[in-house]
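# Tertiary structure, described
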Amino acid sequence: MSPAAPDGIDVEGVERFFAEHVAGARPPLAFERITGGRSNLTYVVTDDAGGSWVLRRPPLGKRLGSAHDMGREHRIISGLHGTDVPVPEPIAFTDDESITGAPFYVMQFVPGPVLRDEAAAERFGADADRRRAAEHVVDTLVALHAVDPAAVGLGELGRHDGYAVRQLKRWKGQWDESKTREVEAMERTHALLSDRVPAQPGVGFVHGDYRLDNVILTREGDVAAVLDWELCTLGDPLADLGLLCVYWAESGDDVVALGSAPTAVSGFPTRAEVVARYAEGSGRDVSQLDFFVALGYWKLAAILEGVYARYTTGAYGGASEDFEQFARVVEQLADAALAAAERL
């Protein structure tokens, strides 16, 4: 591996793959790790002629479950490409781990702002621009939940029934496997939610991690692309809305899910307004949303504990983010999950 390559990239292997499978690519290639994501590794790839693509591969080292299944993620965006849900164009996939140490796929590079933090949100125009962007984020979620999975070749992406029960089982297993310490609130919340699972009214796509900084916007505030489909499955779409509410911080919140609160900047609608717009656009009954808010806090705590555990083993190479704070954030999320579950 070239010493100039970022962790997870074998330059010579990837250049050979691009030459054979990515039309128009002109090696030599340059690679820049995008540090916003906290699970799969994402790189912007540029060539000598100014072309740009995005490459996604799993974290270094041990991988847990289907969350790092590159073929599955590529299949999801391939199915959704051309629907009313904007996704980057899928270009190529390989499961040949000899190329760069893991399966990976290549997709279109979509330019545009990503509002990861308060500073980025404040730079994004005036209050009216931020409200427009937020409304388009909600409307895009409505569009995703309106897609018939079978119609886009993804009807077998996951089981159609028992979504919440499966989520509780899956993330309890992930928590038990990756936890670095005991957190009583995680155990108590799991017990409470397991006893209070609402009936599932239907089935649709569930993105699994839908939030403001998992979309690329246009300068006008439209959604140019939805990113990070690694947790997508079939189930109860209200799970996406519940998790979006967990992420949708407001001024004065005690718990901020990922340490930044772009939606607390002036112009963004409140969580109640987000829920109302979704309900109106989708026509869905949102009366069981509180269960999915509690599930969202709990699931996010389990996910971040896994990220933290992988970080401690070097799975993210020379990542620049302050992963050390994750242990504290996990406990805050677990406490918020328990408080929400106790209110059901």
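Preceding this paragraph is the structure being described.
Residues numbered from 1 in each chain as written. Predicted model: local features only at pLDDT ≥ 70, side-chain atom pairs only at ≥ 80, totals over all residues. Heavy atoms only, no water.

### Structural notes on the nonpolar core
Core analysis: the biggest nonpolar cluster contains 87 residues, and Phe205 and Trp229 have the highest contact counts within it. Broken down by element, the residue count for this core peaks at 15 residues, all from helix α9 (residues 289–312). Dropping the residues within four chain positions of it, Trp229 is found in contact with Glu73, Ile76, Ile77, Leu80, Val85, Val87, Leu144 and His207. (Core = buried A, V, L, I, M, F, W, Y, C linked by side-chain atoms within 4.5 Å. Buried < 20%, exposed > 50% of the residue type's maximum accessible area, 1.4 Å probe, protein only. Helix = DSSP H or I, 4+ residues; strand = E, 2+ residues; numbered from the N terminus. Contact = heavy atoms within 4.5 Å.)

### Observations concerning the environment of Pro149
By the element assignment, Pro149 lies in the loop between α4 (127–146) and α5 (163–178). Sequence-wise, Pro149 and Met107 are 42 residues apart; in three dimensions their C-alpha atoms are separated by 21 Å. Those residues in contact with Pro149 that sit more than four places away from it in its chain are Leu154, Gly155, Gly204, Phe205 and Leu234.

### Looking at the packing of α5 against helix α6 (residues 184–195)
Two numbers describe how α5 lies on α6: the axes approach to 11 Å, and their chain directions differ by 165°. In this view, α5 runs roughly antiparallel relative to α6, as classed from their interaxial angle. Considering the relative orientation of α5 and α6, their crossing is left-handed. Across the interface between the two elements, Leu168, Lys172, Trp175 and Asp176 from α5 touch Met186, Glu187, His190, Leu193 and Ser194 from α6. (Axes fitted to C-alpha atoms, helices over the stretch in contact; angles between N-to-C directions. Parallel < 35°, antiparallel > 145°, perpendicular 65-115°, else oblique. Left-handed = near helix turned anticlockwise from the far one by under 90°.)

### A few points about the environment of Glu32
By the element assignment, Glu32 lies in strand β1 (residues 30–34). Through-space distance from the C-alpha of Glu32 to that of Gly306 is 24 Å; in sequence the pair is 274 residues apart. Setting aside residues up to four positions removed in sequence, Glu32 forms contacts with Thr42, Tyr43 and Val44.

### So, the sheet that holds strand β2 (residues 41–46)
Across the sheet, 5 strands lie side by side as β1-β2-β3-β5-β4; this open sheet has antiparallel pairing. Every interior strand has two partners, whereas the edge strands, β1 and β4 (90–94), have only one. Averaged over all adjacent pairs, the angle separating strand axes in this sheet is 25°, with direction ignored. Of the strands in this sheet, β1, β2, β3 (52–57), β4 and β5 (104–108) touch helix α1 (residues 11–21), which is tilted by about 125° from β4. This element, helix α2 (residues 70–80), spans β3, β4 and β5 of the sheet and lies at about 160° to β4. (Pairing = 2+ DSSP bridges.)

### Focus: the packing of α4 against helix α8 (residues 271–282)
For the pair α4 and α8, interaxial distance at closest approach is 9 Å and the crossing angle is 40°. The angle between α4 and α8 places the two elements in the oblique class. Seen along the crossing, α4 lies across α8 with a hand that is right-handed. Here Arg131, Glu135, Val138, Asp139, Leu141, Val142 and His145 of α4 come into contact with α8, specifically with Glu273, Val274, Arg277, Tyr278, Gly281 and Ser282. Of the residues contributing to the contact of α4 with α8, the split by class is 5 nonpolar, 3 polar and 5 charged. (Nonpolar A, V, L, I, M, F, W, Y, C, P; charged D, E, K, R; others polar.)

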